Amino acid sequence: MAALWKTCQQCLRYGFTNASIYTSITAVNVISKRNFKAHWVAPTLRELQRRKVIEEDRGGGPKIFHRSTFLEWNYDAEIFAFSNRLGEKFNDSSLRAALTHKSYIERETARLSDIGVESNLQFQDNEALAQKGGEIMSKFINGYLRAVFTQVPEELIRAMHDYLTSNPTLETVAKHIGLGDLMLCADFPCKTETYVKSFKAVVAALAESSGEERARIFVQDLVVTQLYGQDVNELWNPVDPIGNLTAILKREGKAEPEFRLIRQAGSNSILAVYYVGVYSDKNFISEGAGESLEVAKEMAAREALKKFFHTEDSMRALPFGRQLKNIQSKIAQLENQPNVPLSEWISPKIMSAVH
Amino acid sequence: MSNSHLFLPSGFIRTPLQNGLGRYIPQLQRITIKFCKSHGGSRGVRDFIESDLMEFAKTNPGTVVYLKPRRHRSPCMVAEYLNGEREYLSCHEFSRDEVYKWLSYMCTRSGIPVMRFRKYQHTDYPTIQGVWNPFTHQAPEINVAEFPHEVLSKPINHGPTATEQLIEIFKKTQLEDPANKPPN
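Keep in mind the model is a prediction, meaning the values are calculated, not measured.

Conventions we followed
Residues numbered from 1 in each chain as written. Chains lettered and ligands numbered in written order. Predicted model: local features only at pLDDT ≥ 70, side-chain atom pairs only at ≥ 80, totals over all residues. Heavy atoms only, no water. Helix = DSSP H or I, 4+ residues; strand = E, 2+ residues; numbered from the N terminus. Rg over C-alpha atoms; globule rule 2.2 N^0.38 Å. Buried < 20%, exposed > 50% of the residue type's maximum accessible area, 1.4 Å probe, protein only. Areas by Shrake-Rupley, 256 points an atom, 1.4 Å probe, with all protein chains shown as cover. Contact = heavy atoms within 4.5 Å. Pairing = 2+ DSSP bridges. Axes fitted to C-alpha atoms, helices over the stretch in contact; angles between N-to-C directions. 1 Å grid on protein atoms, 1.4 Å probe; cavity = no way out; pocket = protein on both sides within 12 Å on 5 of 7 lines; lining within 4 Å. Points joined across faces, edges and corners; volume = space filled by probe spheres on them. Nonpolar A, V, L, I, M, F, W, Y, C, P; charged D, E, K, R; others polar. Domains from an automatic or database assignment. Buried area = accessible area lost by both parts, 1.4 Å probe. Salt bridge = Lys/Arg side-chain N within 4 Å of Asp/Glu carboxyl O. Polar contact = N/O pair within 3.5 Å; in protein donor to acceptor, adjacent residues only side chain to side chain.

1. Quick notes on the overall build of chain B
Then, in step 1: Each helix and strand in chain B was counted, giving four helices and six strands.
Then, in step 2: In chain B, the order of α-helices and β-strands from amino to carboxyl end is β-β-α-α-β-β-β-α-β-α.
Then, in step 3: Taking 184 residues into account, the globule formula puts the C-alpha radius of gyration at 16 Å, and chain B, at 34 Å, lies well above it.
Then, in step 4: The principal-axis extents of the C-alpha atoms in chain B amount to approximately 100 × 50 × 35 Å.
Then, in step 5: When burial is assessed residue by residue, chain B has 31% of its 184 residues classed as buried.
Then, in step 6: A total accessible area of about 12900 Å² is found for chain B, and carbon and sulfur atoms account for 56% of it.

In structure tokens, the structure reads:
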């Protein structure tokens, strides 16, 4: 009987320590297993956590350390992995220069001179690269937008470009390709401007190392994809859509736009809705809805302009990756050729530009 | 059928930085493998390092591999992802194949925490033709119609009923074969 109990115990213990692997059921990122913990473990951990929280509150938040302060850090390996992760080949010197900031060089020289060592540092900073990178990135983005949005006025192209090159967007991109740990800068946690500068410098370094073609594809794959999921009509809207619509139809030689009430419901209530349609010479152009007649009219005019510019909700999906292979040359060509501004926009003129 | 018994957070499927739209960027930034050089629990990890690790490092050049031999510690691996998340996995008494399996699992993850997917698809453009509203497909005649209306007040014609269809069939048979006895 005693022998049976002992064997049972051993079997049980064997079964539990040879843990089968389950996915985590807690919010902490630990792939956990079944473990038996002694009775004193939980209270100890609770007390340690309590003390940690007190210390953190006293110190103004949890302490953060740069990844390079860890023992397991190899900057050369990290740089190698960075270029392979993106699938690009960089010149070593260009990439290192792109990741080095002036603040870092200043800090290092000051530190060395404090110690008394002759500072013979041969660091190159990324000021020039960042400047160049910003320019070529803008060029590539404009080329793509003009090639894909052929019917769109230049004002909307500019708005989309400004959105894509804005600091928040570029900072997100820079963070998610791993620049945060690689940058050599004096500020930690790194400022937005530092991230943006590094990213632009990396683009320039890529253009230097692998050529403009690869840099163009890099910018398309990483920066322009941030436009996906964003409604372009939220970025820019014409100030006077009804006036613009009238002007456009006049330039095209069509009849004046005529606004007609199509549907309405709940006119005397808070939830009133009016549908107004725009007609030109009794041909339906578009309709728009609003809570009052004026709003509905403006929305209808906006919808009509969206239709002309091909930026409706049902417009074609933005091409990326392999879909761009055929139009890369067109993109390169349009980098220096702005679209027609709104003041000159008419459809026959656009058609004749052969985009 | 409910999921409330699961402590997993739930969400919609997503990917960092539109990964895959332009190019695919492997999200595993670095992996740190800590093991003991002599203890038995690290045997699988040691075997893995001796045999399969080089091949893994060659096939994943975008991931930095750090090895930390530490005495009297059980083996573990910590994966760090590009979005800043870390994942810890204890490899105590794993076999060499298990280590390889879990390492390749880490490679396929993005740093987004494990969660229950509410839907297995996601789109930023859920509608092409426009969301239905009560005015969709309504005849414009209702705008100027005076109710009760001849046509609009009646129920929509759904076509002939079964009885009417049978009568039609019967009449057709009568016309084709007047000599035959008509079916009752």
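2. Overview of the overall build of chain A
Then, in step 1: Secondary structure summary: chain A contains 15 helices and three strands in total.
Then, in step 2: Taken across its 355 residues, chain A has 40% of its residues classed as buried.
Then, in step 3: Sequence separation of 24 or more characterises 63% of the internal contacts of chain A that already satisfy a separation of 6 or more.
Then, in step 4: Accessible area of chain A: about 20100 Å², with a carbon and sulfur share of 53%.

3. Some details on the sheet that holds strand 2 (residues 28–35) of chain B
Residue and element names in this part refer to chain B.
Then, in step 1: Strand order in the open sheet formed by four strands is 3-2-4-5, with mixed pairing between adjacent strands. Of all strands in the sheet, those bounded by a partner on one side alone are strand 3 (64–69) and strand 5 (86–90). Adjacent strand axes in the sheet meet at a mean angle of 15° when their direction is disregarded.
Then, in step 2: Pairing of strand 2 with strand 3, which is carried by six bridges, proceeds in the parallel orientation.

4. Notes on unusual backbone geometry
Leaving glycine out, the prevailing phi sign among residues is negative, and the prevailing peptide bond configuration is trans.
Then, in step 1: That bond from Phe188 of chain A to Pro189 of chain A is cis: its omega, 0°, falls within 30 degrees of zero.
Then, in step 2: Along the chain, Pro189 of chain A falls in the loop between helix 9 (179–182) and helix 10 (192–210).
Then, in step 3: Residue Pro148 of chain B is bonded to the preceding Phe147 of chain B through a cis peptide linkage, with omega at 0°.
Then, in step 4: For Pro148 of chain B, the position within the fold is in the loop between strand 6 (116–117) and helix 4 (162–176).

5. Let's talk about the layout of surface pockets
Then, in step 1: The computed volume of the largest pocket comes to approximately 1400 Å³.
Then, in step 2: Considering the residues around the largest pocket, the lining is formed by 43 residues, among which Glu287, Glu303 and Asp313 of chain A together with Gln129 and Gly130 of chain B are closest to the centre.
Then, in step 3: Those elements that provide at least two residues to the lining of the largest pocket are strand 1 (257–265), strand 2 (273–280), strand 3 (283–290) and helix 13 (293–309) of chain A.
Then, in step 4: Here the lining of the largest pocket is built from residues that sort into 19 nonpolar, 12 polar and 12 charged.

6. Remarks on the packing of helix 10 of chain A against helix 11 (residues 212–222) of chain A
All names here are of chain A.
Then, in step 1: Two numbers describe how helix 10 lies on helix 11: the axes approach to 7 Å, and their chain directions differ by 145°. From helix 10, Phe199, Val203, Leu206, Ala207 and Ser210 reach across to helix 11, where they touch Glu212, Arg214, Ala215, Phe218 and Val219.
Then, in step 2: Class assignment for the residues of the contact of helix 10 with helix 11 results in seven nonpolar, one polar and two charged.

7. Observations regarding the domain arrangement of chain A
Residue and element names in this part refer to chain A.
Then, in step 1: One can read the domain layout of chain A as domain 1 (75–228) and domain 2 (237–317).
Then, in step 2: Domain 1 puts five residues into the contact, and the matching count from domain 2 is five residues.
Then, in step 3: Of the roughly 400 Å² buried where domain 1 meets domain 2, counting both sides, 79% is carbon and sulfur surface.
Then, in step 4: Considering only the side of domain 1, the residues that lose the most area to domain 2 are Phe149, Gln151 and Pro153, jointly responsible for 71% of the buried surface there.
Then, in step 5: Run the count over domain 1 and domain 2 and you get zero salt bridges.
Then, in step 6: In this assembly, domain 1 and domain 2 are joined by zero residue pairs in polar contact (both at pLDDT 80 or more).

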